[in-house]
Amino acid sequence: MDRYQIVVIGGGPAGITLAKILGKRKSMAVVRPENFSMVYCAMPYVVEGILPIEKTFKKDELVIDAGAELIRSAARKIDFDNKVVHLENSTDIGYDKIILATGAVPFIPPIPGVELDGVLGFKTEEDMRAINRMVENGATGAVVVGAGAIGVELAQALSNKGLDVHLVDMFDSIMPNMADPEMVQEAHVELEASGLTMHLGSKVVEVKGEGFVSDVLLENGETIHFGRDEETGADECPGIVVFAAGMKPVVSLVEGSRVKTGRDGIVVNDRMETSVPDVYAVGDCIQFTSGITGEVISGKLATNAVPMSKILGFNLLGQDRRYKGYYNGAATKIGKYFIGGTGMSERNARQAGIDVVTGDSEVTTKFPIMPGAKKLRLKLVANRSTRKVIGAQIASEEPVTDKIDLLTFAIQKETEVSELTTLSYAAQPYQSYFPAANLVVMAAEKILTKLEHE
Ligand SMILES: Cc1cc2nc3c(=O)[nH]c(=O)nc-3n(C[C@H](O)[C@H](O)[C@H](O)COP(=O)(O)OP(=O)(O)OC[C@H]3O[C@@H](n4cnc5c(N)ncnc54)[C@H](O)[C@@H]3O)c2cc1C
């Protein structure tokens, strides 16, 4: 039986990050069943036809050239007492330390009809190929459940492919976890104008069909019916139903073991250690807490999986780094709008019982006198009692991630609103608003004024 100092179960962003740090310094194996690790974030753009599918396949060399062995199989069972992994390919491997990086799969609610052909999640190469096949075979309509970033990006892709697309979400606005309704209103209008039908504040309760899906029933009694394409008369699924309404951690390998799990995954401490010595977990399969409130929240993002894997990797080389928690800086593109959010929205904060004060600002992406200047809007959220910044949302017709990252850093450093008013910034006609005003400073000043008048 081969034995490694480190075995990683899972070859997603977490597994690859660990291989890059540890591969040349430890004897290491990364176990992964798929033919390819994927650039998941780009999957909607394959459906849209902007990218060939091969562009989303990560090269095995990312792991192999990093010095780790890539084992193309799945772990069937782990004997945590004897430190042995039983693989699907009937071999066993031993380990000194094991890292669980098994990721998450789309949550498909247990409602009638989800086993029908044409109903699927959106995570794997197979999901992407199945959707493309159905589109090519003449599907006329689609229901995308979940108006978060993945759902919105996929809905737009299917709409651009000519399908009649319905977007359903329980919340009354799109991007409900990232932004407050007024920050996504323009994007919402843009989605509707592009032909998408929105069903917000609504829930899918049943899927019907004979063999393949033909009708989707909503809680409010509405039915979405997929009609056949009369021209092709195709004998295939006339419609596609995709659940993009949250992810479920993959924790089957620890079920019945001493490795503790919670409602959102494997429980780890801030050094990514589980409840069993020499067993670690990182990425989408773990449960962790908000860096702001300390409460358990979801943070199933590659931009969380990679930093926590780095922390673990360097700790296994003798450092002592700690993971502070999720801030969930993220972004999407809806029509011509780029929308980003970080920390807590006003709605999230109020739901968590935090008294907040908000400030908004609007400038342009270039000096307004320059050709091509676009609107740039910010909403800043601060905790009224601590006066610390706890959230921000930005909408613009230009990319927003750099500004979101700046504001995430402000939140991470527990910056007070008054400190943000002193931000030192750069200005240039092609790249910013006039030196007279800065987006972040303006919003912070508004909050400070509100606080001073209380
Ligand atoms: C469509 C889509 C778009 C996304 N867009 C973004 C984005 O724009 N920005 C962002 O930050 N995040 C995005 N994400 C989320 C991001 O992809 C995940 O957070 C990230 O992939 C998590 O990395 P991971 O390594 O923890 O898990 P995964 O990438 O899920 O990898 C888990 C790995 O474990 C393997 N595995 C599971 N069980 C076993 C087993 N028993 N044996 C061996 N291997 C096993 C899996 O096969 C897989 O290789 C997106 C996700 C999707 C689906």
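The coordinates are above.
Nothing here was measured: the structure is a model prediction, and the numbers come from that model.

## Looking at the sheet that holds strand 12 (residues 164-169)
Adjacent strands of a sheet pair through backbone hydrogen bonds, lying either parallel or antiparallel. Spatially, 10-17-11-12-13 is the arrangement adopted by the five strands of the open sheet, whose pairing is parallel. Sheet topology places strand 10 (119-121) and strand 13 (197-200) at the edges, where each strand pairs with a single neighbour. Direction aside, the axes of adjacent strands within the sheet are offset by 20° on average. Pairing of strand 10 with strand 17 (residues 239-243) involves three bridges; the strand directions are parallel. If you follow Leu-120 over to strand 17, its bridge partner there is Val-242.

## Here we look at the site of the ligand
In the vicinity of the ligand there are 32 residues, among which Gly-10, Gly-12, Ala-14, Gly-103 and Gly-283 approach most closely. Listing elements by their share of the shell around the ligand, those giving two or more residues are helix 1 (13-22) and helix 7 (302-315). Looking at the shell around the ligand, its residues break down into 19 nonpolar, eight polar and five charged. If you count residues domain by domain, the shell around the ligand takes at least three from each of domain 1 (2-105 + 248-315) and domain 2 (119-245).

## A short note on the packing of helix 1 against helix 7
In the contact formed by helix 1 and helix 7, the axes pass within 8 Å of each other and the chain directions differ by 30°. By the angle class used here, helix 1 and helix 7 are roughly parallel. Seen from above, helix 1 lies across helix 7 with right-handed handedness. Residue-level inspection shows Pro-13, Ala-14, Thr-17, Leu-18, Ile-21 and Leu-22 of helix 1 in contact with helix 7, the latter providing Ala-302, Ala-305, Val-306, Ser-309, Lys-310, Leu-312, Gly-313 and Phe-314. Broken down by class, the residue content of the contact of helix 1 with helix 7 amounts to ten nonpolar, three polar and one charged.

## Overview of the sheet that holds strand 19 (residues 261-262)
Strand order in the open sheet made by the four strands is 19-20-22-23, with mixed pairing throughout. In the strand order of this sheet, the two ends are held by strand 19 and strand 23 (296-297), each with one partner. Bridge count for strand 19 against strand 20 (residues 265-267) is two bridges, and the pairing is antiparallel. Looking at the pairing, Gly-262 lines up with Gly-265 of strand 20.

## Description of the pairing of strand 2 (residues 28-31)
Residues Met-28 and Val-30 of strand 2 are buried on one face, and the alternating residues Ala-29 and Val-31, pointing to the opposite face, are buried as well. Bridge count for strand 1 (residues 2-9) against strand 2 is four bridges, and the pairing is parallel. Its bridge partner being in strand 2, Ile-9 is matched across the sheet by Val-31. In terms of handedness, the path from strand 1 via helix 1 over to strand 2 forms a crossover that is right-handed. Of the pairings in the sheet, the one linking strand 2 to strand 5 (residues 69-71) comprises three bridges and is parallel in character. From the neighbouring strand, Val-31 faces strand 5, where its bridge partner is Ile-71.

Quick notes on the rules
Residues numbered from 1 in each chain as written. Predicted model: local features only at pLDDT ≥ 70, side-chain atom pairs only at ≥ 80, totals over all residues. Pairing = 2+ DSSP bridges. Helix = DSSP H or I, 4+ residues; strand = E, 2+ residues; numbered from the N terminus. Axes fitted to C-alpha atoms, helices over the stretch in contact; angles between N-to-C directions. Near = placed C-beta within 6 Å. Nonpolar A, V, L, I, M, F, W, Y, C, P; charged D, E, K, R; others polar. Domains from an automatic or database assignment. Parallel < 35°, antiparallel > 145°, perpendicular 65-115°, else oblique. Left-handed = near helix turned anticlockwise from the far one by under 90°. Contact = placed C-beta atoms within 7 Å. Buried ≥ 20, exposed ≤ 12 C-beta atoms within 10 Å, placed from the backbone. Right-handed = clockwise from strand over helix to strand, strands pointing away.

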